Amino acid sequence: MDIAFPLLGGLGLFLYGMEVLSRGIQRIAGNRLKGLLRTLTANRFVGVLSGTLSTAIVQSSSVTTVMVVGFVNAGLMALPQAISVILGAHIGTTITAQIIAFRIQNFALPMIAAGAFIHLFGRTDRAKDSGEVLFGFGILFFGLQLMGTAFDPLRDNAIFHKIFESFAAKPWLGFLAGMGVTILVQSSSITTGITIALALSSLITFEQAVPLILGENVGTTVTANLAALSGSHAAKQAARAHFIINGIGAILALILLNPFLRLVLFISPAQDAARQIANSHTLFNILNTILFFPLVALIATLSNMLIFGKKKMEELYYLEEASLQDPGTALDQVKTALKEMHGFAAEFLKHASEMIVKKQEKYSNFMTALSEKIDRYQSRISEFLEAIVEKKLSKEQSVLVPGFVRILHEIERIRDYDEKMKRVGIRLISEGRSFSSAEKRELKDYFADISDLMKKTREMIDSGNKKLGEEILGIYESLNAKKEELRNRSRKRYTSHRTEIAIANYYYDVISSLEEIAKKCRNIAVAMLE
(Lines give C-alpha, C1' and ligand atoms only; values in the text may rest on other atoms or scores of the structure.)
Protein backbone atom coordinates (compact mmCIF):
# COMPACT_ATOMS: atom_id res chain seq x y z
CA MET A 1 0.00 0.00 0.00
CA ASP A 2 2.98 2.28 0.64
CA ILE A 3 3.66 2.06 -3.09
CA ALA A 4 0.18 1.57 -4.59
CA PHE A 5 -1.65 4.56 -3.11
CA PRO A 6 1.00 7.24 -3.83
CA LEU A 7 1.51 5.73 -7.32
CA LEU A 8 -2.21 5.67 -8.19
CA GLY A 9 -2.77 9.08 -6.62
CA GLY A 10 0.19 10.51 -8.49
CA LEU A 11 -1.07 8.98 -11.75
CA GLY A 12 -4.50 10.47 -11.19
CA LEU A 13 -3.09 13.93 -10.52
CA PHE A 14 -0.71 13.65 -13.49
CA LEU A 15 -3.57 12.80 -15.87
CA TYR A 16 -5.88 15.41 -14.38
CA GLY A 17 -3.14 18.02 -14.68
CA MET A 18 -2.67 17.11 -18.35
CA GLU A 19 -6.41 17.46 -18.97
CA VAL A 20 -6.71 20.82 -17.17
CA LEU A 21 -3.59 22.12 -18.90
CA SER A 22 -4.76 21.08 -22.37
CA ARG A 23 -8.29 22.40 -21.78
CA GLY A 24 -7.06 25.80 -20.65
CA ILE A 25 -4.67 26.19 -23.56
CA GLN A 26 -7.36 25.14 -26.04
CA ARG A 27 -9.67 27.87 -24.78
CA ILE A 28 -6.90 30.46 -25.04
CA ALA A 29 -5.61 29.47 -28.46
CA GLY A 30 -8.05 26.89 -29.86
CA ASN A 31 -9.61 28.96 -32.66
CA ARG A 32 -6.27 30.46 -33.66
CA LEU A 33 -4.75 26.98 -33.83
CA LYS A 34 -7.64 25.76 -35.94
CA GLY A 35 -7.05 28.62 -38.35
CA LEU A 36 -3.35 27.80 -38.32
CA LEU A 37 -3.96 24.17 -39.16
CA ARG A 38 -6.51 25.01 -41.84
CA THR A 39 -4.42 27.64 -43.63
CA LEU A 40 -0.81 26.54 -43.07
CA THR A 41 -1.06 23.26 -44.96
CA ALA A 42 -0.45 24.58 -48.47
CA ASN A 43 2.53 22.23 -48.67
CA ARG A 44 3.62 19.26 -46.60
CA PHE A 45 6.60 20.96 -45.00
CA VAL A 46 4.43 23.77 -43.63
CA GLY A 47 1.89 21.12 -42.58
CA VAL A 48 4.55 19.42 -40.43
CA LEU A 49 5.49 22.76 -38.83
CA SER A 50 1.86 23.66 -38.10
CA GLY A 51 1.22 20.20 -36.60
CA THR A 52 4.31 20.51 -34.40
CA LEU A 53 3.44 24.00 -33.19
CA SER A 54 -0.24 23.26 -32.56
CA THR A 55 0.46 20.08 -30.59
CA ALA A 56 3.27 21.69 -28.60
CA ILE A 57 0.85 24.45 -27.57
CA VAL A 58 -2.20 22.34 -26.66
CA GLN A 59 -0.04 19.53 -25.21
CA SER A 60 -2.20 16.90 -26.90
CA SER A 61 -1.62 15.12 -30.21
CA SER A 62 -5.14 13.65 -29.96
CA VAL A 63 -6.69 17.14 -30.08
CA THR A 64 -4.64 18.00 -33.17
CA THR A 65 -5.62 14.69 -34.80
CA VAL A 66 -9.31 15.27 -34.02
CA MET A 67 -9.16 18.70 -35.71
CA VAL A 68 -7.33 17.28 -38.73
CA VAL A 69 -9.78 14.38 -39.13
CA GLY A 70 -12.59 16.92 -38.91
CA PHE A 71 -11.05 18.92 -41.76
CA VAL A 72 -10.65 15.77 -43.89
CA ASN A 73 -14.26 14.76 -43.21
CA ALA A 74 -15.48 18.22 -44.20
CA GLY A 75 -13.41 18.18 -47.39
CA LEU A 76 -11.23 21.08 -46.17
CA MET A 77 -8.01 19.07 -46.20
CA ALA A 78 -6.71 16.17 -48.30
CA LEU A 79 -5.39 13.05 -46.54
CA PRO A 80 -1.72 13.60 -47.57
CA GLN A 81 -1.91 17.09 -46.02
CA ALA A 82 -3.47 15.58 -42.88
CA ILE A 83 -0.66 13.00 -42.61
CA SER A 84 1.96 15.76 -42.79
CA VAL A 85 0.22 17.52 -39.89
CA ILE A 86 0.11 14.23 -37.94
CA LEU A 87 3.87 13.83 -38.51
CA GLY A 88 4.32 17.24 -36.93
CA ALA A 89 1.98 16.32 -34.08
CA HIS A 90 4.27 13.38 -33.24
CA ILE A 91 7.10 15.86 -32.67
CA GLY A 92 4.93 18.38 -30.82
CA THR A 93 3.65 15.82 -28.32
CA THR A 94 7.22 15.17 -27.07
CA ILE A 95 7.39 18.69 -25.61
CA THR A 96 5.56 17.39 -22.52
CA ALA A 97 8.41 14.98 -21.78
CA GLN A 98 10.94 17.77 -22.31
CA ILE A 99 9.15 20.01 -19.79
CA ILE A 100 8.93 17.18 -17.25
CA ALA A 101 12.66 16.52 -17.58
CA PHE A 102 13.45 20.04 -16.32
CA ARG A 103 12.96 18.70 -12.77
CA ILE A 104 10.79 21.58 -11.58
CA GLN A 105 8.62 19.42 -9.31
CA ASN A 106 9.64 21.56 -6.33
CA PHE A 107 7.69 24.44 -7.86
CA ALA A 108 4.51 22.34 -8.15
CA LEU A 109 2.74 23.66 -5.06
CA PRO A 110 3.50 27.34 -5.74
CA MET A 111 2.22 26.84 -9.31
CA ILE A 112 -0.98 25.23 -7.99
CA ALA A 113 -1.52 28.09 -5.53
CA ALA A 114 -0.82 30.82 -8.10
CA GLY A 115 -2.89 29.11 -10.79
CA ALA A 116 -5.88 28.62 -8.49
CA PHE A 117 -5.72 32.26 -7.31
CA ILE A 118 -5.57 33.63 -10.87
CA HIS A 119 -8.35 31.31 -12.05
CA LEU A 120 -10.68 32.13 -9.15
CA PHE A 121 -10.07 35.88 -8.97
CA GLY A 122 -9.08 36.79 -12.53
CA ARG A 123 -11.36 39.43 -14.06
CA THR A 124 -11.20 38.30 -17.68
CA ASP A 125 -11.74 34.91 -19.32
CA ARG A 126 -8.18 35.00 -20.64
CA ALA A 127 -6.83 35.54 -17.12
CA LYS A 128 -8.98 32.70 -15.75
CA ASP A 129 -7.85 30.37 -18.55
CA SER A 130 -4.21 31.34 -17.96
CA GLY A 131 -4.66 30.52 -14.29
CA GLU A 132 -6.10 27.14 -15.26
CA VAL A 133 -3.04 26.44 -17.43
CA LEU A 134 -0.68 27.25 -14.56
CA PHE A 135 -2.81 25.17 -12.17
CA GLY A 136 -2.70 22.25 -14.64
CA PHE A 137 1.10 22.42 -14.82
CA GLY A 138 1.31 22.44 -11.03
CA ILE A 139 -1.02 19.44 -10.64
CA LEU A 140 0.93 17.56 -13.35
CA PHE A 141 4.25 18.11 -11.61
CA PHE A 142 2.82 17.34 -8.17
CA GLY A 143 1.49 14.04 -9.54
CA LEU A 144 4.92 13.30 -10.97
CA GLN A 145 6.47 14.06 -7.57
CA LEU A 146 4.07 11.63 -5.86
CA MET A 147 4.92 8.90 -8.36
CA GLY A 148 8.62 9.44 -7.68
CA THR A 149 7.96 9.13 -3.94
CA ALA A 150 6.02 5.91 -4.55
CA PHE A 151 9.01 4.36 -6.30
CA ASP A 152 11.49 5.12 -3.48
CA PRO A 153 10.91 1.79 -1.63
CA LEU A 154 11.83 -0.08 -4.83
CA ARG A 155 15.36 1.28 -5.07
CA ASP A 156 16.78 -1.75 -3.22
CA ASN A 157 14.34 -4.29 -4.66
CA ALA A 158 16.35 -6.97 -6.50
CA ILE A 159 13.38 -8.30 -8.50
CA PHE A 160 12.53 -4.83 -9.74
CA HIS A 161 16.11 -4.16 -10.85
CA LYS A 162 16.33 -7.56 -12.55
CA ILE A 163 13.22 -6.80 -14.64
CA PHE A 164 14.66 -3.55 -15.94
CA GLU A 165 18.10 -5.06 -16.49
CA SER A 166 16.42 -7.56 -18.83
CA PHE A 167 15.13 -4.62 -20.88
CA ALA A 168 18.71 -3.51 -21.52
CA ALA A 169 19.89 -7.07 -22.27
CA LYS A 170 16.85 -7.90 -24.40
CA PRO A 171 15.46 -4.60 -25.75
CA TRP A 172 12.49 -6.29 -27.43
CA LEU A 173 11.18 -7.21 -23.95
CA GLY A 174 11.16 -3.54 -22.95
CA PHE A 175 9.59 -2.68 -26.29
CA LEU A 176 6.75 -5.18 -25.73
CA ALA A 177 6.33 -4.05 -22.11
CA GLY A 178 6.03 -0.38 -23.11
CA MET A 179 3.60 -1.20 -25.89
CA GLY A 180 1.53 -3.55 -23.71
CA VAL A 181 1.18 -1.15 -20.77
CA THR A 182 0.24 1.72 -23.11
CA ILE A 183 -2.44 -0.40 -24.78
CA LEU A 184 -3.69 -1.48 -21.36
CA VAL A 185 -3.98 2.00 -19.84
CA GLN A 186 -5.00 3.63 -23.18
CA SER A 187 -2.61 6.54 -22.69
CA SER A 188 1.00 7.09 -23.73
CA SER A 189 1.05 10.11 -21.40
CA ILE A 190 0.75 7.76 -18.41
CA THR A 191 3.51 5.40 -19.53
CA THR A 192 5.86 8.19 -20.58
CA GLY A 193 5.24 9.95 -17.28
CA ILE A 194 5.95 6.75 -15.33
CA THR A 195 9.13 6.10 -17.34
CA ILE A 196 10.51 9.57 -16.60
CA ALA A 197 9.40 9.33 -12.96
CA LEU A 198 11.41 6.10 -12.69
CA ALA A 199 14.43 7.88 -14.18
CA LEU A 200 14.03 10.85 -11.83
CA SER A 201 14.04 8.38 -8.94
CA SER A 202 17.22 6.76 -10.35
CA LEU A 203 15.41 3.42 -10.67
CA ILE A 204 15.92 3.04 -14.39
CA THR A 205 18.79 3.91 -16.67
CA PHE A 206 18.58 5.62 -20.03
CA GLU A 207 19.49 2.37 -21.88
CA GLN A 208 16.69 0.50 -20.08
CA ALA A 209 14.15 3.25 -20.74
CA VAL A 210 14.55 3.71 -24.51
CA PRO A 211 12.97 0.34 -25.53
CA LEU A 212 10.03 1.27 -23.27
CA ILE A 213 9.70 4.63 -25.01
CA LEU A 214 9.76 2.97 -28.45
CA GLY A 215 7.07 0.51 -27.35
CA GLU A 216 4.96 3.35 -25.95
CA ASN A 217 5.10 5.11 -29.32
CA VAL A 218 3.64 1.99 -30.97
CA GLY A 219 1.16 1.29 -28.15
CA THR A 220 -0.45 4.70 -28.51
CA THR A 221 -1.16 3.97 -32.20
CA VAL A 222 -3.02 0.79 -31.24
CA THR A 223 -5.13 2.88 -28.85
CA ALA A 224 -5.92 5.31 -31.69
CA ASN A 225 -6.89 2.46 -34.02
CA LEU A 226 -9.20 0.94 -31.40
CA ALA A 227 -10.84 4.34 -30.91
CA ALA A 228 -11.33 4.69 -34.69
CA LEU A 229 -13.12 1.33 -35.09
CA SER A 230 -16.53 3.01 -35.00
CA GLY A 231 -15.29 6.26 -36.50
CA SER A 232 -15.43 7.76 -39.96
CA HIS A 233 -13.35 6.62 -42.91
CA ALA A 234 -11.06 9.63 -42.47
CA ALA A 235 -10.57 8.79 -38.76
CA LYS A 236 -9.61 5.23 -39.68
CA GLN A 237 -7.18 6.45 -42.35
CA ALA A 238 -5.51 8.82 -39.86
CA ALA A 239 -5.26 6.03 -37.26
CA ARG A 240 -3.76 3.59 -39.79
CA ALA A 241 -1.23 6.23 -40.93
CA HIS A 242 -0.34 6.81 -37.26
CA PHE A 243 0.29 3.05 -36.86
CA ILE A 244 2.34 2.72 -40.08
CA ILE A 245 4.62 5.66 -39.21
CA ASN A 246 5.31 4.82 -35.55
CA GLY A 247 5.25 1.04 -36.03
CA ILE A 248 7.83 0.89 -38.83
CA GLY A 249 9.89 3.67 -37.25
CA ALA A 250 10.04 1.95 -33.85
CA ILE A 251 11.06 -1.39 -35.37
CA LEU A 252 13.85 0.32 -37.32
CA ALA A 253 15.00 2.13 -34.16
CA LEU A 254 14.99 -1.18 -32.28
CA ILE A 255 17.09 -2.82 -35.01
CA LEU A 256 19.51 0.14 -34.98
CA LEU A 257 19.27 0.61 -31.21
CA ASN A 258 22.98 1.04 -30.43
CA PRO A 259 23.60 3.79 -33.03
CA PHE A 260 20.37 5.46 -31.89
CA LEU A 261 21.47 5.37 -28.23
CA ARG A 262 24.88 6.85 -29.12
CA LEU A 263 23.23 9.65 -31.07
CA VAL A 264 20.94 10.53 -28.14
CA LEU A 265 23.87 10.48 -25.70
CA PHE A 266 25.84 12.73 -28.06
CA ILE A 267 23.18 15.46 -27.96
CA SER A 268 22.23 15.03 -24.28
CA PRO A 269 23.87 16.14 -21.02
CA ALA A 270 25.75 13.40 -19.18
CA GLN A 271 24.37 11.89 -15.98
CA ASP A 272 20.86 13.16 -16.69
CA ALA A 273 18.73 10.11 -17.51
CA ALA A 274 15.46 12.08 -17.50
CA ARG A 275 16.74 14.52 -20.13
CA GLN A 276 18.24 11.68 -22.16
CA ILE A 277 14.90 9.85 -22.15
CA ALA A 278 13.04 13.01 -23.19
CA ASN A 279 15.57 13.60 -25.96
CA SER A 280 15.22 10.01 -27.19
CA HIS A 281 11.45 10.54 -27.40
CA THR A 282 11.90 13.78 -29.38
CA LEU A 283 14.71 12.51 -31.59
CA PHE A 284 12.81 9.34 -32.50
CA ASN A 285 9.85 11.37 -33.74
CA ILE A 286 12.03 13.88 -35.59
CA LEU A 287 13.93 11.10 -37.38
CA ASN A 288 10.63 9.34 -38.07
CA THR A 289 9.26 12.50 -39.66
CA ILE A 290 12.35 12.94 -41.81
CA LEU A 291 12.12 9.29 -42.90
CA PHE A 292 8.42 9.30 -43.80
CA PHE A 293 8.05 12.88 -45.02
CA PRO A 294 8.87 11.99 -48.67
CA LEU A 295 6.52 8.98 -48.43
CA VAL A 296 3.33 10.79 -47.39
CA ALA A 297 1.45 9.84 -50.59
CA LEU A 298 2.47 6.18 -50.17
CA ILE A 299 1.37 6.21 -46.52
CA ALA A 300 -2.02 7.64 -47.57
CA THR A 301 -2.44 4.77 -50.05
CA LEU A 302 -1.34 2.13 -47.53
CA SER A 303 -3.59 3.51 -44.79
CA ASN A 304 -6.56 3.23 -47.15
CA MET A 305 -5.63 -0.35 -48.07
CA LEU A 306 -5.55 -1.29 -44.38
CA ILE A 307 -9.22 -0.35 -43.94
CA PHE A 308 -11.13 -3.55 -44.50
CA GLY A 309 -14.69 -3.59 -45.72
CA LYS A 310 -16.58 -0.94 -47.61
CA LYS A 311 -15.84 2.74 -47.18
CA LYS A 312 -18.13 4.16 -44.54
CA MET A 313 -20.28 6.78 -46.20
CA GLU A 314 -23.30 6.85 -43.92
CA GLU A 315 -25.26 10.03 -43.42
CA LEU A 316 -23.49 12.45 -41.08
CA TYR A 317 -20.71 9.93 -40.43
CA TYR A 318 -18.49 12.84 -39.44
CA LEU A 319 -20.69 13.85 -36.48
CA GLU A 320 -18.73 11.43 -34.35
CA GLU A 321 -18.07 11.42 -30.64
CA ALA A 322 -14.32 11.98 -31.10
CA SER A 323 -15.03 15.45 -32.55
CA LEU A 324 -16.54 16.49 -29.21
CA GLN A 325 -13.02 16.52 -27.71
CA ASP A 326 -12.64 19.86 -29.46
CA PRO A 327 -15.94 21.83 -29.45
CA GLY A 328 -14.63 24.13 -32.18
CA THR A 329 -14.12 21.19 -34.53
CA ALA A 330 -17.51 19.76 -33.53
CA LEU A 331 -19.17 23.09 -34.41
CA ASP A 332 -17.41 23.07 -37.77
CA GLN A 333 -18.90 19.62 -38.37
CA VAL A 334 -22.37 20.94 -37.50
CA LYS A 335 -21.90 23.77 -40.00
CA THR A 336 -21.02 21.20 -42.68
CA ALA A 337 -24.14 19.19 -41.80
CA LEU A 338 -26.34 22.31 -41.93
CA LYS A 339 -24.92 23.16 -45.34
CA GLU A 340 -25.77 19.65 -46.59
CA MET A 341 -29.27 19.82 -45.08
CA HIS A 342 -29.86 23.19 -46.73
CA GLY A 343 -28.73 21.63 -50.01
CA PHE A 344 -31.43 18.96 -49.69
CA ALA A 345 -34.07 21.66 -49.16
CA ALA A 346 -32.79 23.47 -52.28
CA GLU A 347 -32.97 20.22 -54.27
CA PHE A 348 -36.53 19.70 -52.99
CA LEU A 349 -37.38 23.20 -54.26
CA LYS A 350 -36.00 22.35 -57.70
CA HIS A 351 -38.15 19.21 -57.92
CA ALA A 352 -41.21 21.17 -56.76
CA SER A 353 -40.63 23.61 -59.62
CA GLU A 354 -40.45 20.77 -62.14
CA MET A 355 -43.58 19.17 -60.73
CA ILE A 356 -45.66 22.37 -60.73
CA VAL A 357 -44.48 24.03 -63.92
CA LYS A 358 -43.96 20.91 -66.05
CA LYS A 359 -46.44 18.61 -64.24
CA GLN A 360 -43.77 15.91 -63.75
CA GLU A 361 -45.29 13.49 -61.23
CA LYS A 362 -42.11 11.36 -61.11
CA TYR A 363 -40.47 13.98 -58.85
CA SER A 364 -42.92 13.17 -56.03
CA ASN A 365 -40.91 10.14 -54.88
CA PHE A 366 -37.65 12.11 -55.00
CA MET A 367 -39.20 14.80 -52.81
CA THR A 368 -40.46 12.23 -50.30
CA ALA A 369 -36.95 10.79 -49.97
CA LEU A 370 -35.48 14.27 -49.49
CA SER A 371 -38.05 15.12 -46.84
CA GLU A 372 -37.21 11.97 -44.89
CA LYS A 373 -33.49 12.77 -45.19
CA ILE A 374 -34.05 16.28 -43.84
CA ASP A 375 -35.92 14.77 -40.87
CA ARG A 376 -32.99 12.47 -40.10
CA TYR A 377 -30.51 15.35 -40.37
CA GLN A 378 -32.65 17.51 -38.10
CA SER A 379 -32.75 14.79 -35.43
CA ARG A 380 -29.04 13.93 -35.57
CA ILE A 381 -27.83 17.55 -35.66
CA SER A 382 -30.06 18.42 -32.70
CA GLU A 383 -28.59 15.54 -30.67
CA PHE A 384 -25.05 16.57 -31.59
CA LEU A 385 -25.67 20.21 -30.65
CA GLU A 386 -26.99 19.06 -27.27
CA ALA A 387 -23.77 17.09 -26.74
CA ILE A 388 -21.70 20.15 -27.67
CA VAL A 389 -23.56 22.36 -25.20
CA GLU A 390 -22.55 19.99 -22.39
CA LYS A 391 -18.89 20.83 -23.09
CA LYS A 392 -17.18 23.91 -21.70
CA LEU A 393 -17.40 26.43 -24.53
CA SER A 394 -15.67 29.72 -25.18
CA LYS A 395 -17.79 32.88 -25.50
CA GLU A 396 -17.46 32.77 -29.27
CA GLN A 397 -18.55 29.13 -29.40
CA SER A 398 -21.47 29.79 -27.04
CA VAL A 399 -22.75 32.44 -29.47
CA LEU A 400 -22.56 30.03 -32.41
CA VAL A 401 -24.77 27.34 -30.86
CA PRO A 402 -28.10 29.28 -30.70
CA GLY A 403 -27.41 30.57 -34.23
CA PHE A 404 -27.01 27.01 -35.50
CA VAL A 405 -30.18 25.95 -33.68
CA ARG A 406 -32.10 28.73 -35.42
CA ILE A 407 -30.65 27.82 -38.82
CA LEU A 408 -31.66 24.21 -38.24
CA HIS A 409 -35.22 25.31 -37.50
CA GLU A 410 -35.38 27.60 -40.54
CA ILE A 411 -34.19 24.85 -42.90
CA GLU A 412 -36.84 22.53 -41.50
CA ARG A 413 -39.48 25.22 -42.15
CA ILE A 414 -38.21 25.63 -45.74
CA ARG A 415 -38.87 21.92 -46.18
CA ASP A 416 -42.41 22.42 -44.86
CA TYR A 417 -43.16 25.01 -47.57
CA ASP A 418 -41.55 22.73 -50.15
CA GLU A 419 -44.03 20.08 -49.00
CA LYS A 420 -46.89 22.53 -49.41
CA MET A 421 -45.92 23.16 -53.03
CA LYS A 422 -45.58 19.43 -53.60
CA ARG A 423 -49.20 19.02 -52.54
CA VAL A 424 -50.20 21.74 -55.04
CA GLY A 425 -48.39 19.84 -57.79
CA ILE A 426 -50.12 16.58 -56.87
CA ARG A 427 -53.55 18.27 -56.94
CA LEU A 428 -52.89 19.89 -60.32
CA ILE A 429 -51.97 16.51 -61.79
CA SER A 430 -54.83 14.59 -60.15
CA GLU A 431 -57.41 17.25 -61.15
CA GLY A 432 -56.07 17.57 -64.70
CA ARG A 433 -55.55 21.32 -64.28
CA SER A 434 -52.61 23.39 -65.48
CA PHE A 435 -51.32 26.95 -65.21
CA SER A 436 -51.47 29.18 -68.28
CA SER A 437 -48.32 29.95 -70.28
CA ALA A 438 -48.05 33.39 -68.63
CA GLU A 439 -48.46 31.90 -65.16
CA LYS A 440 -45.85 29.25 -65.87
CA ARG A 441 -43.35 31.87 -67.05
CA GLU A 442 -43.95 33.96 -63.93
CA LEU A 443 -43.65 30.98 -61.60
CA LYS A 444 -40.55 29.64 -63.34
CA ASP A 445 -38.90 33.06 -63.01
CA TYR A 446 -39.86 33.37 -59.33
CA PHE A 447 -38.66 29.82 -58.61
CA ALA A 448 -35.31 30.74 -60.21
CA ASP A 449 -35.03 33.87 -58.02
CA ILE A 450 -35.69 31.86 -54.84
CA SER A 451 -33.24 29.14 -55.95
CA ASP A 452 -30.54 31.80 -56.41
CA LEU A 453 -31.33 33.15 -52.93
CA MET A 454 -31.08 29.62 -51.52
CA LYS A 455 -27.68 29.23 -53.18
CA LYS A 456 -26.38 32.45 -51.63
CA THR A 457 -27.73 31.40 -48.24
CA ARG A 458 -25.92 28.09 -48.44
CA GLU A 459 -22.70 29.90 -49.37
CA MET A 460 -23.12 32.11 -46.32
CA ILE A 461 -23.63 29.10 -44.03
CA ASP A 462 -20.37 27.71 -45.39
CA SER A 463 -18.27 30.88 -45.36
CA GLY A 464 -19.89 33.11 -42.73
CA ASN A 465 -19.37 36.03 -45.13
CA LYS A 466 -21.24 38.98 -43.57
CA LYS A 467 -21.29 40.94 -46.85
CA LEU A 468 -23.18 38.03 -48.38
CA GLY A 469 -25.64 38.29 -45.48
CA GLU A 470 -26.31 41.96 -46.24
CA GLU A 471 -26.83 41.03 -49.89
CA ILE A 472 -29.37 38.35 -48.93
CA LEU A 473 -31.35 40.87 -46.86
CA GLY A 474 -31.46 43.23 -49.85
CA ILE A 475 -32.56 40.47 -52.24
CA TYR A 476 -35.35 39.48 -49.85
CA GLU A 477 -36.80 42.99 -49.91
CA SER A 478 -36.85 43.03 -53.72
CA LEU A 479 -38.43 39.56 -53.87
CA ASN A 480 -41.07 40.65 -51.39
CA ALA A 481 -42.02 43.49 -53.72
CA LYS A 482 -42.05 41.08 -56.66
CA LYS A 483 -44.46 38.82 -54.79
CA GLU A 484 -46.99 41.65 -54.52
CA GLU A 485 -46.63 42.36 -58.23
CA LEU A 486 -47.28 38.71 -59.11
CA ARG A 487 -50.34 38.61 -56.86
CA ASN A 488 -51.72 41.73 -58.55
CA ARG A 489 -51.25 40.15 -61.99
CA SER A 490 -53.06 37.01 -60.86
CA ARG A 491 -55.88 39.12 -59.39
CA LYS A 492 -56.34 40.95 -62.69
CA ARG A 493 -56.44 37.66 -64.61
CA TYR A 494 -59.09 36.32 -62.26
CA THR A 495 -61.27 39.43 -62.26
CA SER A 496 -61.12 39.55 -66.08
CA HIS A 497 -62.09 35.84 -66.22
CA ARG A 498 -58.82 34.80 -67.89
CA THR A 499 -58.20 32.14 -65.23
CA GLU A 500 -60.39 30.02 -62.96
CA ILE A 501 -60.59 30.45 -59.20
CA ALA A 502 -59.01 27.06 -58.41
CA ILE A 503 -55.94 27.90 -60.51
CA ALA A 504 -55.75 31.37 -58.93
CA ASN A 505 -55.78 29.80 -55.45
CA TYR A 506 -53.04 27.32 -56.39
CA TYR A 507 -51.01 30.21 -57.84
CA TYR A 508 -51.39 32.15 -54.58
CA ASP A 509 -50.32 29.07 -52.59
CA VAL A 510 -47.15 28.66 -54.63
CA ILE A 511 -46.23 32.37 -54.51
CA SER A 512 -46.88 32.52 -50.76
CA SER A 513 -44.78 29.39 -50.13
CA LEU A 514 -41.90 30.81 -52.17
CA GLU A 515 -42.13 34.10 -50.32
CA GLU A 516 -42.00 32.24 -46.99
CA ILE A 517 -38.90 30.35 -48.15
CA ALA A 518 -37.30 33.70 -48.99
CA LYS A 519 -38.17 34.87 -45.47
CA LYS A 520 -36.49 31.79 -44.00
CA CYS A 521 -33.36 32.57 -46.02
CA ARG A 522 -33.44 36.08 -44.61
CA ASN A 523 -33.77 34.65 -41.07
CA ILE A 524 -30.74 32.41 -41.64
CA ALA A 525 -28.74 35.44 -42.80
CA VAL A 526 -29.82 37.34 -39.68
CA ALA A 527 -28.77 34.40 -37.48
CA MET A 528 -25.34 34.38 -39.14
CA LEU A 529 -24.97 38.16 -38.81
CA GLU A 530 -25.75 38.26 -35.08
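Predicted, not measured: the structure shown is a model, and the values here were computed from it.

### A look at the packing of aromatic side chains
And then number 1: Applying the stated criterion to the full structure yields four aromatic pairs.
And then number 2: A ring pair is formed by phenylalanine 344 and tyrosine 377, whose centres lie 5.0 Å apart and whose planes are at 85°; its orientation type is edge-to-face. Linking phenylalanine 344 in helix α16 (residues 327-357) with tyrosine 377 in helix α17 (residues 363-389), this pair joins segments that are 33 residues apart in sequence.
And then number 3: Stacked on the ring of tyrosine 507, the Lys or Arg arginine 493 has its end atom at 5.3 Å from the ring centre.
And then number 4: Across the ring face of tyrosine 476, the terminal group of arginine 522 is positioned such that the distance to the ring centre comes to 4.8 Å.

### A look at the packing of helix α12 (residues 233-255) against helix α15 (residues 296-305)
Describing two packed helices takes the angle between their axes plus the distance from one axis to the other.
And then number 1: Here α12 crosses α15 at 115°, and the two axes come no closer than 8 Å. In this structure, α12 crosses over α15, and the sense of that crossing is right-handed. Contacts between α12 and α15 involve His233, Gln237, Arg240, Ala241, Ile244 and Ile245 on the former and, on the latter, Ile299, Leu302, Ser303 and Asn304.
And then number 2: Class assignment of the residues belonging to the contact of α12 with α15 gives a composition of five nonpolar, four polar and one charged.

### Remarks on the environment of threonine 182
And then number 1: By secondary structure assignment, the location of threonine 182 is in helix α9 (residues 171-185).
And then number 2: Taking the C-alpha atoms as reference, threonine 182 lies 5.1 Å from glycine 219; in sequence the two are 37 residues apart.
And then number 3: At 2.7 Å, the side chain of threonine 182 and the backbone oxygen of glycine 178 are in polar contact.

### Observations concerning the nonpolar core
And then number 1: Ranked by size, the top nonpolar core spans 66 residues in total, and within it Ile381 and Ile388 carry the most contacts.
And then number 2: Every element with two or more residues in this core is listed here: α16, α17, α18 (395-431), α19 (437-463), α20 (466-495) and α21 (501-529).
And then number 3: If one sorts the elements of this core by residue count, α16 sits on top with 14 residues.
And then number 4: With near-sequence residues (within four places) excluded, isoleucine 388 lies in contact with Leu324, Ala330, Leu331, Val334, Leu393 and Val401.
And then number 5: Grouped together as the second largest cluster of nonpolar side chains are 48 residues, Met18, Ala108, Val210 and Ile213 included.

### Some words on the side chain of glutamate 216
And then number 1: Along the chain, glutamate 216 falls in helix α11 (residues 206-227).
And then number 2: Here glutamate 216 sits buried without a salt bridge, and the closest side chain of opposite charge, arginine 275, lies 15 Å off (N-O distance).
And then number 3: A polar contact of 2.8 Å, which involves the side chain of glutamate 216, links it to the side chain of threonine 195.
And then number 4: With sequence-adjacent residues up to four places away left out, glutamate 216 is seen in contact with Gly178, Met179, Thr182, Ser188, Thr191, Thr192 and Thr195.

### Here we look at the packing of α16 against α17
And then number 1: One can describe the packing of α16 onto α17 by two numbers: an axis separation of 9 Å at closest approach and a directional angle of 160°. Between α16 and α17, the interaxial angle falls into the category roughly antiparallel. α17 is crossed by α16, and the crossing has left-handed handedness.

Conventions and cut-offs
- Residues numbered from 1 in each chain as written.
- Predicted model: local features only at pLDDT ≥ 70, side-chain atom pairs only at ≥ 80, totals over all residues.
- Heavy atoms only, no water.
- Phe/Tyr/Trp six-rings, centres within 6.5 Å; stacked < 30°, edge-to-face > 60°.
- Helix = DSSP H or I, 4+ residues; strand = E, 2+ residues; numbered from the N terminus.
- Lys NZ or Arg CZ within 6 Å of the ring centre and 35° of its normal.
- Axes fitted to C-alpha atoms, helices over the stretch in contact; angles between N-to-C directions.
- Left-handed = near helix turned anticlockwise from the far one by under 90°.
- Contact = heavy atoms within 4.5 Å.
- Nonpolar A, V, L, I, M, F, W, Y, C, P; charged D, E, K, R; others polar.
- Polar contact = N/O pair within 3.5 Å; in protein donor to acceptor, adjacent residues only side chain to side chain.
- Core = buried A, V, L, I, M, F, W, Y, C linked by side-chain atoms within 4.5 Å.
- Buried < 20%, exposed > 50% of the residue type's maximum accessible area, 1.4 Å probe, protein only.
- Lys, Arg positive; Asp, Glu negative; His and termini not counted.
- Salt bridge = Lys/Arg side-chain N within 4 Å of Asp/Glu carboxyl O.
- Parallel < 35°, antiparallel > 145°, perpendicular 65-115°, else oblique.

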